[in-house]
Amino acid sequence: MAMERSIDIDISSAGTLAEPDAPATDGAILAGRKFGIDLSNHLSRPVTSDLIDSTSLVLCMERHHVMDLVTQHRADLAVVFSLAELARRAVQEPARSPTETLDDWLGRLGDGRSAASVLSGHRDDIADPIGRSNRMYRSAAREI
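Residues numbered from 1 in each chain as written. Predicted model: local features only at pLDDT ≥ 70, side-chain atom pairs only at ≥ 80, totals over all residues. Heavy atoms only, no water.

(A) Geometry of the packing of helix α4 (residues 83-92) against helix α5 (residues 102-109). Where α4 meets α5, the axes come as close as 10 Å, and the angle between the chain directions of the two elements is 90°. On the basis of the axis angle, α4 is roughly perpendicular to α5. The segment α4 lies against α5, with L86, R89 and A90 engaging W105, L106 and L109. Split by residue class, the contact of α4 with α5 holds five nonpolar, no polar and one charged. (Axes fitted to C-alpha atoms, helices over the stretch in contact; angles between N-to-C directions. Helix = DSSP H or I, 4+ residues; strand = E, 2+ residues; numbered from the N terminus. Parallel < 35°, antiparallel > 145°, perpendicular 65-115°, else oblique. Contact = heavy atoms within 4.5 Å. Nonpolar A, V, L, I, M, F, W, Y, C, P; charged D, E, K, R; others polar.)

(B) Region of the structure containing the nonpolar core. If you look at the biggest cluster of nonpolar residues, it comprises 17 residues, and the most contacted ones within it are V66, L69 and V80. Counting residues per element, the ones that place at least two in this core are β1 (58-60), α3 (63-73), β2 (80-82) and α5. Other than its neighbours up to four places away in sequence, L69 contacts T16, V47, I52, V58, C60, R74, A75 and V80. Grouped together as the second largest cluster of nonpolar side chains are five residues, A24, A28, I29 and A31 included. (Core = buried A, V, L, I, M, F, W, Y, C linked by side-chain atoms within 4.5 Å. Buried < 20%, exposed > 50% of the residue type's maximum accessible area, 1.4 Å probe, protein only.)

(C) Molecular detail of the packing of helix α1 (residues 26-34) against helix α7 (residues 134-143). Look at α1 against α7: their axes get within 8 Å of each other, and the N-to-C directions meet at 45°. Between α1 and α7, the angle falls in the class oblique. Crossing geometry of α1 relative to α7 is assigned as right-handed. Across from G27, A28, L30, A31 and K34 in α1, the residues of α7 making contact are N134, Y137, R138 and A141. Residues of the contact of α1 with α7, tallied by class, amount to five nonpolar, two polar and two charged. (Left-handed = near helix turned anticlockwise from the far one by under 90°.)

(D) Here's a closer look at the side chain of E62. As for its placement among the helices and strands, E62 is situated in the loop between β1 and α3. Here E62 is buried and forms no salt bridge, its nearest opposite-charge partner R132 lying at an N-O distance of 5.8 Å. Here H64 takes part through its side chain, which lies 2.7 Å from a polar atom of the side chain of E62. Aside from chain neighbours lying at most four places away, what touches E62 is S82, D125, I126, A127 and D128. (Lys, Arg positive; Asp, Glu negative; His and termini not counted. Salt bridge = Lys/Arg side-chain N within 4 Å of Asp/Glu carboxyl O. Polar contact = N/O pair within 3.5 Å; in protein donor to acceptor, adjacent residues only side chain to side chain.)

(E) Looking closely at unusual backbone geometry. Notably, D21 is not glycine yet its phi reads approximately 60°, a positive angle. Residue D21 is classed as exposed on the basis of its relative accessible area of 56%. Phi at R74 is positive, roughly 55°, even though this residue is not glycine. Summarising the element assignment, R74 is placed in the loop between α3 and β2.

Listed below in structure tokens is the structure:
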């Protein structure tokens, strides 16, 4: 989508419990194919504090992933969201203006947000399908 809109962005993937250089699971590969995404050459990598420190925005599947990054990797809660939480907050707020920086927009979306609100608020999770059925992978892919 970013390429279609000529948005200059670097996107990468890392996991809170990922084994280094593991191939994508069969379920992920099959689910990706349904959406025109080829994951056959994907290799996993674990999240590191250095990776987080060099990132403007971190998106997670589940709220507990957000809190893992904040507590174990000193990630700034202001830039770490579950994808569902960010989407929910983005539609509740006025759209980002062309002159608004990403940092300012994220600040506006995260206004009043705390660790307690992340954990106890809306059910802003996309169930992580790792180790589950192909159906769960397809469901997660649709939600993403």
